[in-house]
Amino acid sequence: MLNVIDLKASYGKIEALHGISFHVRRGEIVTLIGSNGAGKSTTLKALMRLKPPESPTVTGGDILFNGASILNTESHNVVGKLRMTLVPEGRQIFGNLTVVENLILAAWTNTGDARKDLDYVFGMFPRLAERMRQRSDTLSGGEQQMLAVGRALMSKCSVLLLDEPSMGLAPLLMYDMFRTLKQLNDEGLTIIVVEQNARIALQLADRGYVLDTGEIVAEGTGKSLLQRPEIKAAYLGGA
Ligand SMILES: Nc1ncnc2c1ncn2[C@@H]1O[C@H](COP(=O)(O)OP(=O)(O)OP(=O)(O)O)[C@@H](O)[C@H]1O
Ligand SMILES: [Mg+2]
């Protein structure tokens, strides 16, 4: 479904991705792991075709979606037509709006029954239903993370990109979040998840890629990467 071929991307003169290649099949969960500054968020922003200066300029290679290049696709069409949605680092919800307002706004690409999808999101995250009329900036960090994922679901995406969904979550909530992602995947959603928490990401994912300073240095099934001594040493705290 998604084929990234020798992708190079830069911020101004500084190259952040030095030619990375990976692919994602429909219905898969694929994770990109790596340390700070490896280029994980850069990769997701490039896939979403977001614009500089926050996002990189692609300087080489290609991104194919169902076989066709999306390098010239506008970001709003990536969301609206290709149905690929990003839950960004730092969540980016509208703090001065309520939970339900945030969810309804996110449904702009939703051509189906948004009311039904709202019920679905509230079923998936009962905490959001309880706090429906609460201003979003007064939600806890974990609840805001749920709202960010809920917004992505309201967009009726078929490919969900998540940038560090575990960030700031207590262990129990983090496991809840990953269980929810697994459930969404079981229902057919394709997921690309970027994580610094390599262990939980590799446990969840069908396949993973390890990114190190703008290059892919390892790839394999989630299970096989968890077993590799060099991955254990560098990304799993040696355990
Ligand atoms: N808007 C920007 N302008 C200039 N350089 C940037 C910009 N965003 C990221 N970079 C640089 O690109 C490189 C890759 O950054 P990126 O945000 O993709 O890393 P990351 O793997 O997501 O790291 P983290 O785990 O800390 O979020 C870093 O060296 C970073 O400083
Ligand atoms: Mg990042």
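For clarity, every value in this text was computed on a predicted model and none was experimentally measured. (Residues numbered from 1 in each chain as written. Chains lettered and ligands numbered in written order. Predicted model: local features only at pLDDT ≥ 70, side-chain atom pairs only at ≥ 80, totals over all residues. Heavy atoms only, no water.)

1. Remarks on the pairing of strand 2 (residues 14-24)
Across eight bridges, the pairing between strand 1 (residues 2-11) and strand 2 is antiparallel. What sits directly across from V4, in strand 2, is F22. In sequence, strand 1 turns back onto strand 2 through a hairpin of two residues, with G12 there showing a positive phi of about 60°. (Pairing = 2+ DSSP bridges. Helix = DSSP H or I, 4+ residues; strand = E, 2+ residues; numbered from the N terminus.)

2. Remarks on the packing of helix 4 (residues 114-124) against helix 6 (residues 141-154)
At a closest axis distance of 10 Å, the pairing of helix 4 and helix 6 adopts a crossing angle of 150°. With respect to each other, helix 4 and helix 6 are oriented roughly antiparallel. The crossing of helix 4 and helix 6 is right-handed. Here helix 4 contributes A114, D117, L118, Y120 and V121 to the contact with helix 6, which in turn contributes G150, L153 and M154. Considering only residue class, the contact of helix 4 with helix 6 consists of six nonpolar, one polar and one charged. (Axes fitted to C-alpha atoms, helices over the stretch in contact; angles between N-to-C directions. Parallel < 35°, antiparallel > 145°, perpendicular 65-115°, else oblique. Left-handed = near helix turned anticlockwise from the far one by under 90°. Contact = heavy atoms within 4.5 Å. Nonpolar A, V, L, I, M, F, W, Y, C, P; charged D, E, K, R; others polar.)

3. Some details on the sheet that holds strand 6 (residues 84-87)
As a general point, the strands of a sheet are linked pairwise by backbone hydrogen bonds and lie either parallel or antiparallel. Pairing in this open sheet of six strands is mixed, and the strands run 6-7-8-3-9-10 from one edge to the other. Taken across any chain shown, the strands that pair with only one partner, and hence form the sheet edges, are strand 6 and strand 10 (215-221). Strand-to-strand twist of the sheet, defined as the mean angle between neighbouring strand axes without regard to direction, takes the value 15°. Taken together, the four bridges between strand 6 and strand 7 (residues 159-163) define a ladder with parallel strand orientation. From the neighbouring strand, V87 faces strand 7, where its bridge partner is L162.

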